[in-house]
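Notes for the structure review
Chain by chain, the residues run as shown.
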Amino acid sequence: VGVALAMFLDLSGKLPNIGNFEAPEATIIYSSDNVILARIYREDRTNVPLKDIPPILRDATVAIEDSRFYQHSGVDAKGIVRATWANVRGQRMAQGGSTITQQLARNVYLTQQKSIQRKLQEAVLAILMERNFTKKKILELYLNQVYYGSGAFGVQAAARVYFGKDVNQLDLSESALIAGMPQKPSGYSPH
């Protein structure tokens, strides 16, 4: 316990401030008659509040990415054990044990580099995020942050890219497709 506490304190001193984070959005340039002339962005994204995201899309995302999202505090020990067992049994890295909160922490604050130190930082950040944000806020941030393929970051951009409509207009099948996209964006792309 003492070693774990020392590691936690050491890691938490090297982590970024989680504060209030909002994913960066595209800048939109309008003409004087309110016609969109251009969108300037590094990541094409338009943030939307959770209330504007269909419940079926929210529920499907949680079911696919982190079925125990509402039961854990950022890190899911059962999920890690399940993924480890599946990977050992299959003798390859077939499953990941990251929660939605851990994925959000990695995408926002860390690199994609695979290392034990990065994984530990991800876990500590996830625990800190769970203490500072509600589950609804974490899910909203995740849905607005994650990459859905074809240059679309966040559910609003994904709805626009794949279906030419706002996220709040998606039907059941469209929501299901978008919910599955983060698993393998290029492989599941309908394009």
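Everything here concerns the structure above.
Residues numbered from 1 in each chain as written. Predicted model: local features only at pLDDT ≥ 70, side-chain atom pairs only at ≥ 80, totals over all residues. Heavy atoms only, no water.

Phi at N34 takes a positive value of approximately 70°, unusual for a residue other than glycine. Residue position: N34 is located in the loop between β1 (27-30) and β2 (36-40). Looking at N34, the relative accessible area reads 60%, which means it is exposed. The phi dihedral of S150 falls on the positive side, at around 50°, and the residue is not glycine. Mapped onto the elements, S150 comes out in the loop between α6 (135-145) and α7 (155-163). (Helix = DSSP H or I, 4+ residues; strand = E, 2+ residues; numbered from the N terminus. Buried < 20%, exposed > 50% of the residue type's maximum accessible area, 1.4 Å probe, protein only.)

I53, L57, L143, Y148, V155, V167 and I178 are the most contacted members of the largest nonpolar core, which totals 35 residues. Not counting residues up to four positions away in its chain, the partners in contact with V167 are V48, D52, I53, P54, L57, V155, Q156 and A159. (Core = buried A, V, L, I, M, F, W, Y, C linked by side-chain atoms within 4.5 Å. Contact = heavy atoms within 4.5 Å.)

Looking at the secondary structure, you find E122 in helix α5 (residues 116-132). A residue is classified by how much of its surface remains accessible, and E122, at 0% relative accessible area, is buried. In this structure the side chain of E122 is engaged in a polar contact, spanning 3.0 Å, whose partner is the side chain of S98. Within polar-contact distance, the side chain of E122 engages the side chain of R106 at 3.1 Å. (Polar contact = N/O pair within 3.5 Å; in protein donor to acceptor, adjacent residues only side chain to side chain.)

Look at helix α4 (residues 100-109) against α5: their axes get within 8 Å of each other, and the N-to-C directions meet at 110°. Viewed along their axes, α4 and α5 adopt a mutual orientation that is roughly perpendicular. Judged by the sense of rotation from one axis to the other, the crossing of α4 with α5 is right-handed. Two secondary-structure elements touch here, α4 through T101, Q102, L104, A105, R106 and Y109 and α5 through R118, K119, E122, A123, L125, A126, M129 and E130. Within the contact of α4 with α5, the residues separate by chemical class into seven nonpolar, two polar and five charged. (Axes fitted to C-alpha atoms, helices over the stretch in contact; angles between N-to-C directions. Parallel < 35°, antiparallel > 145°, perpendicular 65-115°, else oblique. Left-handed = near helix turned anticlockwise from the far one by under 90°. Nonpolar A, V, L, I, M, F, W, Y, C, P; charged D, E, K, R; others polar.)

The next subject is the pattern of salt bridges. In total, this model carries nine salt bridges according to the counting rule given. Its salt-bridge partner being R45, residue E43 comes within 2.8 Å of it at the nearest N-O pair. Exposure remark for E43: the relative accessible area of 26% places this residue in the partly exposed category. The class of R45 is buried, set by a relative accessible area of 0%. (Salt bridge = Lys/Arg side-chain N within 4 Å of Asp/Glu carboxyl O.)

Fair warning: the whole summary comes from geometry, so function is off the table for now.
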